[in-house]
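# Structural overview for review
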Amino acid sequence: MDAIFKALNDPTRRMLLDLLREKDGQTLGELVEQTEADTGMTRFGVMKHLKLLEDASLIVVRRDGRFKHHYLNAAPLQTVIDRWIEPLLAKPMARMALDLKAVLEGEDEMSKPDFLLETWIKTTPEALWNALTQPEMISKYNVNGAAPAAPISGTGRITHLTPDGNPMLSGDVLTFDPGQKLEMTFEPHWEENLPSSRCIYEIAAEGGVCKLTIMHFDLPDGMEDVRNGWMVTVSGIKTLLETGEPLGAEW
């Protein structure tokens, strides 16, 4: 907690977080170019500030060859929300928007994710895998109750349908590794002519919890609905597995 407040108690570090909020996944060179123009800070100075932010877990770093990409991580701020602010919130959506973590790892070394999330859930890999592949579980945490008609049981085509039978999302399952990795194309249908992309779910057991990593590749600019949707989805998965109850219609 002290590291969080120390990291935030500096205008340059807050500016770096703002830059990552505007464009996630930036390299050191990109961040230096922007901060140098405003503050005159050297590359070494920016590196020191980024190290403090990383130590406070406010950013996470993913290597791609010789480059390091920096991602904003909202997870530590959730601790502050839970301790002091959440009891005062009138809208549970405010909590869900902050109950997310930007992500560090990924096996796709040849491509930089456009959006990354990471969260820790007190559950087993088997239960988490079921939450990602079983229709009755998926329908409980999707905002509109959309789910595939049958369990995801291997590679092939799937379509998420709303309770009234309308297609919400389709995709081809590309990798099906039970308890570890699920990769699929992402083809939204809630508006016409939306581009397709690709997403990966990864599960890693760590002690008594599971780390769920979500990576979204080839996500076009302006797809804020998708980004916000991931936030709600991950919060829904976490709540369902840890409490046994869905978030509820009130959000």
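Figured I'd write up the structure that's included with this text. Each chain carries its own residue numbering, running from 1 in the direction its sequence is written. Totals for whole chains, interfaces and linings use every residue, but because this is a predicted model, local features are given only for residues with pLDDT of at least 70 and side-chain atom pairs only at 80 or more, for both listing and counting. The side-chain values count all of the structure's non-hydrogen atoms but skip hydrogen atoms and water molecules.

## Describing the pairing of strand 2 (residues 59-64)
Most of strand 2 is tucked away: five of the six residues are buried. With six bridges joining them, strand 2 and strand 3 (residues 67-72) adopt antiparallel strand pairing. Counterpart to I59 in the pairing with strand 3 is L72. We call two strands paired when DSSP finds no fewer than two bridges between them. Here a strand is any run of E in DSSP of at least two residues, a helix any run of H or I of at least four, and the numbering for each starts at the N terminus. Linking two consecutive strands that pair antiparallel, namely strand 2 and strand 3, is a turn of two residues; a positive phi of about 65° is found at G65 within it. To sort residues, take the accessible area from a 1.4 Å probe on protein chains only and compare it with the maximum for the residue type: under 20% means buried, over 50% means exposed, and anything in between is partly exposed.

## Examining helix 2 (residues 11-22)
Given a rise of 1.5 Å per residue, twelve residues ought to cover 16 Å, and the 16 Å separating the end C-alpha atoms of helix 2 matches this to within 8%. Two or three places before T12, at the opening of helix 2, D10 has a side-chain oxygen 2.8 Å from that residue's backbone nitrogen. Here a helix's expected span is defined as the number of its residues, less one, multiplied by 1.5 Å. Any pair of N or O atoms that falls within 3.5 Å is considered a polar contact. Within protein, one atom must be able to donate a hydrogen and the other to accept it, and sequence-neighbouring residues count only if both atoms are side-chain atoms.

## Quick notes on the packing of aromatic side chains
Only the six-membered ring of Trp is used, alongside the rings of Phe and Tyr, when aromatic pairs are assigned; centres must lie within 6.5 Å, and planes under 30 degrees apart are stacked while those over 60 apart are edge-to-face, with the rest tilted. Taken as a whole and assessed by the stated rule, the structure comprises four aromatic pairs. The interplanar angle of 65° and the centroid separation of 5.2 Å between the aromatic rings of W129 and F176 together place this pair among those described as edge-to-face. Placement of the pair is W129 in helix 7 (residues 125-133) and F176 in strand 7 (residues 167-177), with a sequence separation of 47 residues. The buried category is assigned to W129, whose relative accessible area is 9%. Seen in terms of ring centroids, F186 and W190 are 6.4 Å apart; in terms of plane orientation they differ by 75°. Their pairing is edge-to-face. Counting every residue linked through ring pairs, the aromatic cluster contains F186, W190, Y201 and W230. Lying across the ring of F217, R198 places its NZ or CZ 4.3 Å from the centre. Both a distance and an angle decide whether a charge sits over a ring: NZ of Lys or CZ of Arg must be within 6 Å of the ring centre and within 35 degrees of the ring normal.

## Focus on the nonpolar core
Nonpolar core, defined: a set of buried Ala, Val, Leu, Ile, Met, Phe, Trp, Tyr and Cys residues in which side-chain atoms within 4.5 Å join the residues together. One finds Y201, L212, W230 and I237 to be the most contacted residues of the largest nonpolar core, which totals 32 residues. Going through the elements one at a time, strand 4 (115-121), helix 7, helix 8 (135-141), strand 7, strand 8 (181-188), strand 9 (197-206), strand 10 (209-217) and helix 9 (224-243) are the ones with two or more residues in this core. At six residues, helix 9 tops the list of elements feeding residues into this core. Contacts are residue-level and defined by heavy atoms, with any inter-residue pair within 4.5 Å sufficient. When near neighbours in sequence (up to four residues on either side) are disregarded, Y201 contacts L132, Q180, K181, L182, M184, L212, T213, I214 and W230.

## Quick look at unusual backbone geometry
Positive phi, close to 65°, is recorded for S57, a residue that is not glycine. Topologically, S57 is positioned in the loop between helix 4 (43-55) and strand 2. S57 gets classed as partly exposed once you look at its relative accessible area, which sits at 36%. Backbone geometry at D218 places phi at a positive 60°, although glycine is not the residue there. With respect to the element layout, D218 can be found in the loop between strand 10 and helix 9.

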